[in-house]
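# Commentary on secondary and tertiary structure
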Amino acid sequence: MATELLPGLYQLKVPIPNSPLKWVLPYLIRGDGGYTLVDCGWNTPEAFSALDDELHDVGITFNDLSTLLVTHVHPDHYGLAGRIKEVCGARVIIHQRERDFIRSRYRQPEQLLERMSSWLREHGVPADELEDLQSAAMPVRGFVVPTEPDHVLWGGETIDIGLYKFEVYWTPGHSPGHICFFDRTQRVILTGDHVLPTITPNVGLHPQQMGNPLGDYLASLQRLDPLEVDDVFPAHEHVFKDLQGRLREIAVHHDDRMGEMLRIIGDGRSTGYQVASQTAWATGTFQSFSSWMRRAALSETLAHLEYAVQEGLLRQVREDDLVKYERVAAKE
Ligand SMILES: [Zn+2]
Ligand SMILES: [Zn+2]
């Protein structure tokens with residue numbers, strides 16, 4: 001059921017098959033020259049017809065959509081973009097940092113698969129798990145109909161849609177080109193996957209997301225801290241109110257996790273895989289995870305370890321073709 005949260009601003013609910021998240025929550029906003037949809041859902045028949053039904057609830061059809069804004073190109077947010085564009089010609093807008101992933105993930109992933117394999121191996125993934133982890137994300141490609149953006153954003157723009165004036169906030173971390181939309185007058189923010197009410201988004205280091213993604217993520221949380229917001233409209237779970245409180249909780253969560261990982265390494269040297277397999281994940285044990293979840297846990301672990309390297313707490317050492325981490329303090 002579409003819910004009108006504010007005048008002309010609706011929350012939709014589109015199912016995600018076989019996912020503990022259950023739904024993605026696109027937002028539909030009435031504009032002067034047509035409606036804007038923020039995120040859209042996976043490309044499955046169920047998701048497409050759910051979206052179709054929800055538009056009908058509001059009294060419109062796909063033909064009334066003029067624009068599709070995408071917070072980031074993960075399949076649950078971007079999967080239907082190509083189909084929507086084909087059906088009604090809506091223009092697709094994403095952050096420029098997400099544009100490259102459309103080709104490398106969804107159109108020609110062969111090169112990425114090769115890089116992924118050597119990267120997993122050097123971070124300690126055992127030979128018998130390598131193939132499963134390497135191709136873990138491939139089935140997801142079926143849920144995406146890729147399309148090129150008609151327009152890209154950099155952050156800092158203002159987008160006028162009917163009663164609303166959304167400022168674009170570039171919030172890298174969960175994905176390098178993730179964006180949020182903030183309306184200063186209405187005091188609302190659409191946070192995509194960046195800030196969710198009870199779960200924390202995966203922030204991972206992987207061949208397409210090098211550098212210091214956790215550092216980027218924590219800085220992106222801080223960027224939202226000064227915003228005066230009454231309501232937060234996330235892309236999963238439910239609407240919530242206390243943005244600043246939630247930002248603090250998420251920062252504490254990563255701090256705790258970092259402490260746990262440093263304790264696991266102790267005075268020894270560990271690969272990312274070793275640390276990931278001993279971390280107490282909220283969603284179950286590493287050993288019980290599917291290959292897709294194991295890979296996400298490994299890249300989340302490596303994001304923390306890389307952040308600790310940047311903070312001067314850990315150093316990276318190479319040993320027998322493996323990348324290992326050790327405490328800096330342990331040597332001094
Ligand atoms: Zn995502
Ligand atoms: Zn998502």
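Residues numbered from 1 in each chain as written. Chains lettered and ligands numbered in written order. Predicted model: local features only at pLDDT ≥ 70, side-chain atom pairs only at ≥ 80, totals over all residues. Heavy atoms only, no water.

## Section: the nonpolar core
Nonpolar side chains in soluble globular proteins generally cluster together in the buried interior. Ranked by internal contacts, the top residues of the largest apolar core, which has 46 residues, are Leu120, Ile189, Val195, Leu214, Leu224 and Leu305. Elements represented by at least two residues in this core include exactly α5 (110–122), α6 (127–134), β12 (179–183), α7 (213–224), α8 (243–265), α9 (272–278), α10 (291–310) and β17 (322–327). For this core, the element with the most residues is α8, which contributes eight residues. With near-sequence residues (within four places) excluded, Val195 lies in contact with Leu221, Leu224, Pro234, Phe240, Leu243, Arg246, Leu247 and Ile250. One finds Ile16, Ala90, Val140 and Val144 within the second-largest nonpolar core, a separate group that totals 37 residues. (Core = buried A, V, L, I, M, F, W, Y, C linked by side-chain atoms within 4.5 Å. Buried < 20%, exposed > 50% of the residue type's maximum accessible area, 1.4 Å probe, protein only. Helix = DSSP H or I, 4+ residues; strand = E, 2+ residues; numbered from the N terminus. Contact = heavy atoms within 4.5 Å.)

## Here's the deal with the coordination of the zinc ion (ligand 1)
Taken together, the protein ligands of the zinc ion (ligand 1) are His72 (NE2), His74 (ND1), His174 (NE2) and Asp193 (OD), with distances of 2.1 to 2.3 Å. The coordination sphere of the zinc ion (ligand 1) comprises four donor atoms, whose angles at the metal cover 91 to 174°; the geometry is irregular. Expressed as a motif, the donor residue spacing for the zinc ion (ligand 1) is H-x1-H-x99-H-x18-D. For the pair the zinc ion (ligand 1) and the zinc ion (ligand 2), the metal-to-metal distance amounts to 3.6 Å, and Asp193 bridges them. Here His174, found in the loop between β11 (164–170) and β12, pairs with Asp193, found in the loop between β13 (188–192) and α7; they are 19 residues apart in sequence, far enough to count as distant. Overall, the relative accessible area of 9% leaves His174 in the buried class. (Donors = N, O, S within 2.8 Å, 3.2 Å for Na, K, Ca; no water. Tetrahedral: all angles 85-135°; square planar, octahedral: opposite > 155°, others 65-115°.)

## Structural notes on the packing of aromatic side chains
Enumeration over the complete set of coordinates arrives at eight aromatic pairs. An angle of 80° between the planes, with centres 6.1 Å apart, marks the rings of Tyr169 and Phe182 as edge-to-face. Of the two residues, Tyr169 is situated in strand β11 and Phe182 in strand β12; the sequence distance between them amounts to 13 residues. Take Tyr169 and Phe182: they sit in the same class, and that class is buried. When the ring of Tyr273 is compared with that of Phe286, the centres are 5.4 Å apart and the planes differ by 85°; the resulting orientation is edge-to-face. Within this pair, whereas Tyr273 is found in helix α9, its partner Phe286 is found in the loop between α9 and α10, the two being separated by 13 residues in sequence. The same class applies to Tyr273 and to Phe286, which are both buried. An aromatic cluster is built from Tyr273, Phe286 and Phe289, whose rings are joined through pairwise contacts. Above the plane of the ring of Phe48 lies Arg83, whose end atom (NZ or CZ) is 3.9 Å from the centre. (Phe/Tyr/Trp six-rings, centres within 6.5 Å; stacked < 30°, edge-to-face > 60°. Lys NZ or Arg CZ within 6 Å of the ring centre and 35° of its normal.)

## Some points on the coordination of the zinc ion (ligand 2)
Taken together, the protein ligands of the zinc ion (ligand 2) are Asp76 (OD), His77 (NE2), Asp193 (OD), Asp193 (OD) and His236 (NE2), with distances of 2.1 to 2.8 Å. Read in sequence order, the donor residues for the zinc ion (ligand 2) give the motif D-H-x115-D-x42-H.

## Observations concerning the state of the cysteines
If you walk through the whole model with that rule in mind, you get zero disulfides. Cysteine Cys40 is unpaired, with the sulfur of Cys88 as its nearest cysteine sulfur at 11 Å. Its sulfur unpaired, Cys180 is 17 Å from the next cysteine sulfur, which belongs to Cys40. (Disulfide = S-S within 2.5 Å.)

## Quick look at the sheet that holds β13
Sheets are built from strands that pair by backbone hydrogen bonding, the pairs being arranged parallel or antiparallel. Strand order in the open sheet formed by five strands is β10-β11-β12-β13-β14, with mixed pairing between adjacent strands. With one partner strand each, in any of the chains shown, β10 (158–161) and β14 (231–234) form the two edges of the open sheet. Averaged over all adjacent pairs, the angle separating strand axes in this sheet is 25°, with direction ignored. Here three bridges tie β12 to β13, and the two strands are oriented antiparallel to one another. In the strand pairing of β13, Phe182 is matched with Ile189. (Pairing = 2+ DSSP bridges. Axes fitted to C-alpha atoms, helices over the stretch in contact; angles between N-to-C directions.)

## Quick look at the sheet that holds β17
Taken together, the three strands give an open sheet; going across it, the order is β15-β17-β16, and neighbouring strands pair in antiparallel fashion. Every other strand in the sheet has two partners, leaving β15 (269–270) and β16 (314–319) as the edge strands with one partner each. Strand contacts of α8: β15, β16 and β17, with the helix running at about 100° to β17, the strand carrying the most contacts.

## Looking at the side chain of Glu98
Looking at the secondary structure, you find Glu98 in helix α4 (residues 96–107). The side chain of Glu98 sits in the buried core without any salt bridge; Arg105 is the nearest counter-charge, 5.4 Å away. For Glu98, the side chain forms a polar contact with the side chain of Ser175, separated by 2.9 Å. Look past the residues within four positions of Glu98 in its chain and what remains in contact with it is His72, Val73, Ser175, Pro176, Gly177 and His178. (Lys, Arg positive; Asp, Glu negative; His and termini not counted. Salt bridge = Lys/Arg side-chain N within 4 Å of Asp/Glu carboxyl O. Polar contact = N/O pair within 3.5 Å; in protein donor to acceptor, adjacent residues only side chain to side chain.)

## Describing α5
With 13 residues, α5 should reach 18 Å at 1.5 Å per residue; the first-to-last C-alpha distance of 19 Å fits that figure. Taken together, the buried positions of α5 are Leu112, Met116, Ser117, Trp119 and Leu120. Taken together, the buried residues of α5 touch α4, α6 and α10. Directly after α5, the chain includes Gly124, whose backbone phi takes a positive value near 100°. (Expected span 1.5 Å × (residues − 1).)

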